Amino acid sequence: MNDDVDRDSPPGRVRQLRLVVHAEDFEQALAFYRDALGMPEQEAYEGAAGARVVILDAGRATLELSNSAQVRMIDEVEAEGRPSAHLRVALEVDDSATVTAQLVEAGADLVAAPRETPWRSLNSRLDAPAGVQLTIFQELGPGD
């Protein structure tokens, strides 16, 4: 952001959404999210007693709040009604079928294969390293 926009922002305005994940197997999680999923490393820090953190660039962040009826409907569409985790990370990609296959090969467990949704996206669901449930989605155009 440029400095003029920052000064004009109301106090308390969120500037970044950062999802913090505790990864017991740090190297496995890093290889999965950075290397297999392709999130570039933005920052990395090391501290005392082997403390490490790597911040990966995930593109634009949004916060999607869904009520219980919406969550049930999404679960039905994406995963034959299997309930999603309380917190699920949805990542937009250019080719959800290819990325889903790559992520399964990299260690994710397939919950539901890619399928077209009523809202014109191609969605899959995965259980990924570090206990993160993912929806991988590709926005479909009107003629796709």
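Positions within a chain are numbered from 1, following the residues in the order the chain's sequence is written. pLDDT decides what is reported in this predicted model: residues at 70 or higher carry local features, side-chain atom pairs at 80 or more are listed and counted, and totals for whole chains, interfaces and linings draw on all residues regardless. Each side-chain value is derived from all of the structure's non-hydrogen atoms; neither hydrogens nor water enter the calculation.

**Concerning the overall build of the chain**
Next, step 1: Helical segments are the DSSP runs of H or I of at least four residues, strand segments are the runs of E of at least two, and each set is numbered from the N terminus. Each helix and strand counted, the chain has four helices and six strands in total.
Next, step 2: Taken from the N to the C terminus, the helices and strands of the chain come in the order α-α-β-β-α-β-α-β-β-β.
Next, step 3: Seen along its three principal axes, the alpha-carbon backbone of the chain occupies a region of about 45 × 40 × 30 Å.
Next, step 4: The 144 residues of the chain split such that 31% are buried.
Next, step 5: Within the chain, counting contacts between residues at least 6 apart in sequence, those at least 24 apart form 49% of the total. Throughout, exposure labels follow a simple rule: accessible area from a 1.4 Å probe, protein chains only, divided by the maximum for the residue type, with under 20% read as buried, over 50% as exposed, and the rest as partly exposed. Residue contacts are defined here by distance: any two heavy atoms, one from each residue, within 4.5 Å place the two residues in contact.

**Re the confidence of the model for the chain**
Next, step 1: The predicted model of the chain averages 92 in pLDDT, with 93% of residues at 70 or higher.
Next, step 2: Overall, residues 1-5 carries pLDDT values under 50, and its contacts beyond four positions in sequence, including any with other chains, amount to two contacts. On a range of 0 to 100, pLDDT expresses the predictor's confidence in each residue.

**Comments concerning the nonpolar core**
Next, step 1: Definition of nonpolar core: a set of buried residues of the types Ala, Val, Leu, Ile, Met, Phe, Trp, Tyr and Cys, connected through side-chain atoms within 4.5 Å. Formed by 17 residues in total, the largest nonpolar core has its most connected members in Phe32, Tyr33, Leu37, Leu91, Leu103, Leu134 and Ile136.
Next, step 2: Within the residue set of this core, elements represented by two or more residues are helix 2 (26-36), strand 3 (88-92), helix 4 (96-105), strand 5 (121-128) and strand 6 (132-139).
Next, step 3: For Ile136, the contacting residues outside a window of four places in its chain are Leu91, Val93, Ser96, Val99, Thr100, Leu103, Leu122, Asn123, Ser124 and Leu126.

**Regarding unusual backbone geometry**
Next, step 1: Unlike most non-glycine residues, Ala49 shows phi in positive territory, near 60 degrees.
Next, step 2: Here Ala49 lies in the loop between strand 1 (41-46) and strand 2 (52-56).
Next, step 3: The class for Ala49 is exposed, based on a relative accessible area of 88%.
Next, step 4: A positive phi angle, close to 65 degrees, is found at Arg120, a residue other than glycine.
Next, step 5: Along the chain, Arg120 falls in the loop between strand 4 (109-116) and strand 5.

**With respect to the sheet that holds strand 4**
Next, step 1: Two strands are said to pair when DSSP picks up at least two bridges between them. With respect to topology, four strands assemble into an open sheet ordered 3-6-5-4, the strand pairing being mixed. Single-partner strands in this sheet number two, and they are strand 3 and strand 4. Strand-to-strand twist across the sheet, computed as the mean angle between neighbouring axes with direction ignored, equals 15 degrees.
Next, step 2: The pairing of strand 5 with strand 6 spans eight bridges and is antiparallel. Structural elements are reduced to axes, namely lines fitted to C-alpha atoms, with helices fitted over the stretch in contact, and the angle between N-to-C directions of any two is expressed from 0 to 180 degrees.

**Notes on the pairing of strand 4**
Next, step 1: Relative to strand 5, strand 4 runs antiparallel, the two sharing five bridges. Residue pairing for strand 5: Leu110 is matched across the bridge by Leu126.
Next, step 2: Here strand 4 folds back onto strand 5, and the loop between the two strands holds four residues, one of which, Arg120, carries a positive phi near 65 degrees.

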